Amino acid sequence: MFDSVLVVCAGNICRSPTAEYVLKQQLVGKTVAVSSAGLTALEGKPADGIAQQIASSHGVDLSAHSGRQLNSALIAQNAVILVMESRHLHDLCARYPQARGKTFLFGKWLGDKDIPDPYKQSREAFEHVYQLIESAASAWSKYL
């Protein structure tokens, strides 16, 4: 169906890298390229340490991740763009009108649920977000 998916959050160090690598794992065997970026990315930064620990405990390795900034080339290169929150959807489409029609909430199949930012919060917040991401990725994998 789709050949490329871009997952977007704010800083590109917690939610979108986790979602990128969880989706990659769930789409093994399919020819779908998955990547991530941030609206206000911490460029060149690795995934958050707690996010890495929690992902690792679920068999997902985020160690190769490096934060990158969203840009118009990434918008053009990807067939589907998945964002974590409703405000990301609005911000992204306001900045990049060409993204309208191919940008959706990552939590779309979970009742259009926003996936909250766990940055600088408790380990439990990161665990909760990981579970939401895993559920949303599983739902999306049926359509990708």
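Model, not experiment: these values are computed from the prediction.

What counts and how
- Residues numbered from 1 in each chain as written.
- Predicted model: local features only at pLDDT ≥ 70, side-chain atom pairs only at ≥ 80, totals over all residues.
- Heavy atoms only, no water.
- Salt bridge = Lys/Arg side-chain N within 4 Å of Asp/Glu carboxyl O.
- Helix = DSSP H or I, 4+ residues; strand = E, 2+ residues; numbered from the N terminus.
- Buried < 20%, exposed > 50% of the residue type's maximum accessible area, 1.4 Å probe, protein only.
- Expected span 1.5 Å × (residues − 1).
- Pairing = 2+ DSSP bridges.
- Axes fitted to C-alpha atoms, helices over the stretch in contact; angles between N-to-C directions.
- Contact = heavy atoms within 4.5 Å.
- Disulfide = S-S within 2.5 Å.

(A) Here's a closer look at the pattern of salt bridges. For the structure shown, the criterion picks out four salt bridges. Among the salt bridges present, the one from Asp117 reaches Arg15, with a minimum N-O distance of 3.7 Å. In this pair, Asp117 is assigned in the loop between β4 (103–105) and α5 (123–141) and Arg15 in helix α1 (residues 15–26), connecting sequence segments 102 residues apart. Given the relative accessible area of 30%, Asp117 is considered partly exposed. In this structure, the salt-bridge partner of Arg87 is Glu85, at a minimum N-O distance of 3.0 Å. Take Arg87: its relative accessible area is 48%, and that puts it in the partly exposed class.

(B) Structural view of α1. For α1, spanning twelve residues, the distance from its first C-alpha to its last is 16 Å, which sits close to the expected 16 Å at 1.5 Å a residue. Summarising burial for α1: nine of the twelve residues are buried, a large majority. By the burial criterion, the buried members of α1 are Arg15, Ser16, Pro17, Thr18, Ala19, Glu20, Tyr21, Val22 and Leu23.

(C) Spatial organisation of the sheet that holds strand β1 (residues 4–9). The four strands are arranged β2-β1-β3-β4 in an open sheet whose pairing can be described as parallel. The sheet is open, and its two borders are formed by β2 (33–38) and β4, each paired with just one other strand. Along the sheet, successive strands turn relative to each other by an average axial angle of 25°, direction set aside. Looking at chain direction, β1 and β2 are connected through six bridges and run parallel. Within β2, the position partnered with Cys9 by the bridge is Gly38. Together, β1, β3 (80–83) and β4 form the strand contacts of helix α4 (residues 86–95), whose direction differs from that of β4 by roughly 165°.

(D) Representation of the state of the cysteines. The final tally for this structure, using the stated rule, is zero disulfides. Free cysteine: Cys14, not disulfide-bonded; nearest cysteine sulfur from Cys9 at 7.0 Å. Its relative accessible area of 5% is what places Cys14 among the buried residues. Not part of a disulfide, Cys93 finds its nearest cysteine sulfur in Cys9, a span of 16 Å.

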